[in-house]
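The residues making up each chain are set out below.
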Amino acid sequence: METRVTEIAPDIYRLSTFISDADFMFNQFLVNAEEPLLFHCGLRALFPLVSEAMGRVIPVERLRWITFGHVEADECGALNSWVAAAPRATVAHGAMGCLVSVNDLSDRPPTPLRDGEVIDLGGKRVRRVETPHMPHGWDAGLLYEETTGTLLCGDLFTAIGDAPALTEREIVGPALAAEDVFGATCLTAATAPTMLRLADLEPRAMGLMHGPAYAGDCGRALRELSAAYAERFTLSLDGGRRP
């Protein structure tokens, strides 16, 4: 098992570990700037592999920001390992997540982020986009890197299996197939509209946590996934029966 490093956009690196026994991949993202930022901490057991991979790009102690999409083991299990390895790094998360979880979980007091708040990293700018319960988690949110148009989209478009580091191939079908297996997405009246708000960003690339980075028509992919989830939500209201 190894963690592979791929630059998916200028100075944005995907740190990817495929676990063959689970047929599943776990990705973290490093935004390299004057103040480097890590999005997703990964599982605690994978910290040695992922931190070694980061060291091929920058020294881990240079990290200045540590953040993640929502509180879940693969999103922030290794949080305190990164805190210990990067003594100058600020932990940041959405205000709700800090209040209900991260204030207690983190060995370093976190900085709460508002919806739409931008962190200027020096050469890169990341914007927190709140997406509560989408795809899951009360505290869920994503990061949009404004200078490259890269959406770090967490568990959206989760797929099963290994994949190329970067693709332009269709990603909606694999995401819906994985959803049929896991049922991980919260289907609410806000699910599709929240996804459409992301589509309106018209990202030029998307960093998936469980799948390949995507360099195709991101807006279209988000709108197609939104439509599929809107249909599933409607069916759920009808007891699962097709109209």
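Described in the following lines is the structure provided in the data block. Once a new chain begins, its residue numbering starts again from 1 and follows that chain's sequence as written. Local features are withheld for residues below a pLDDT of 70 in this predicted model, meaning they are given only at 70 or higher, and side-chain atom pairs are given and counted only at 80 or more; totals for whole chains, interfaces and linings count all residues. Based on all heavy atoms of the structure, the side-chain values leave hydrogens and waters out of the count.

Let us now look at the pattern of salt bridges. Take a side-chain nitrogen of Lys or Arg and a carboxyl oxygen of Asp or Glu: if they are within 4 Å of each other, that pair is a salt bridge. Taken as a whole and assessed by the stated rule, the structure comprises 12 salt bridges. Among the ionic pairs, Glu117 bridges to Arg114, the shortest N-O distance being 3.6 Å. Members of the salt-bridge network, linked through shared partners, are Arg125, Arg127 and Glu146.

Here we take up the side chain of Thr67. Only DSSP runs of H or I with at least four residues qualify as helices, and only runs of E with at least two residues qualify as strands; both kinds are numbered from the N terminus onward. Tracing the chain through its elements places Thr67 in strand E5 (residues 65–67). Distance and chemistry together define a polar contact, namely a pair of N or O atoms within 3.5 Å, with one atom able to donate a hydrogen and the other to accept it when in protein, and with adjacent residues in sequence counting only for side-chain atoms on both sides. A polar atom in the side chain of Thr67 sits 2.7 Å from the backbone oxygen of Ala92. In this analysis, two residues are considered to be in contact whenever any of their non-hydrogen atoms come within 4.5 Å of each other. With sequence-adjacent residues up to four places away left out, Thr67 is seen in contact with Leu37, Leu38, Phe39, His40, Ala92, His93 and Leu143.

On to the sheet that holds E5, then. Any two strands with at least two DSSP-identified bridges between them are counted as paired. Strands sit in the order E1-E2-E3-E4-E5-E6-E7 across an open sheet of 7 strands; the sheet is mixed. Of all strands in the sheet, those bounded by a partner on one side alone are strand E1 (3–9) and strand E7 (111–113). Sheet twist, expressed as the average angle between the axes of neighbouring strands with direction ignored, equals 25 degrees. Alignment of strand E2 (residues 12–19) against strand E3 (residues 24–31), held across 8 bridges, turns out to be antiparallel. Within E3, the position partnered with Arg14 by the bridge is Phe29. Here an axis means a line fitted to C-alpha atoms, over the contact stretch when the element is a helix, while the angle between two N-to-C directions is reported on a 0 to 180 degree scale. Each of E1, E2, E3 and strand E4 (37–39) is contacted by helix H1 (residues 47–54), which is oriented at about 150 degrees to E2, the strand it contacts most.

What follows deals with a nonpolar patch on the surface. Patch members must show over 30% relative accessible area and no salt bridge, and they are joined within 9 Å when carrying like charges or within 5 Å when they are nonpolar side chains of Val, Leu, Ile, Met, Phe, Trp or Tyr. Only the protein chains shown count as covering a residue, and every accessible area follows the Shrake-Rupley method with a 1.4 Å probe. Where nonpolar side chains cluster on the molecular surface, the patch consists of Met96, Leu99, Val100 and Trp138 and spans about 410 Å² of accessible area. Think of it in three bands: residues with accessible area under 20% of the maximum for their type are buried, residues over 50% are exposed, and the middle band is partly exposed, with areas taken using a 1.4 Å probe on protein chains only. Classification of Met96 as partly exposed rests on a relative accessible area of 32%.

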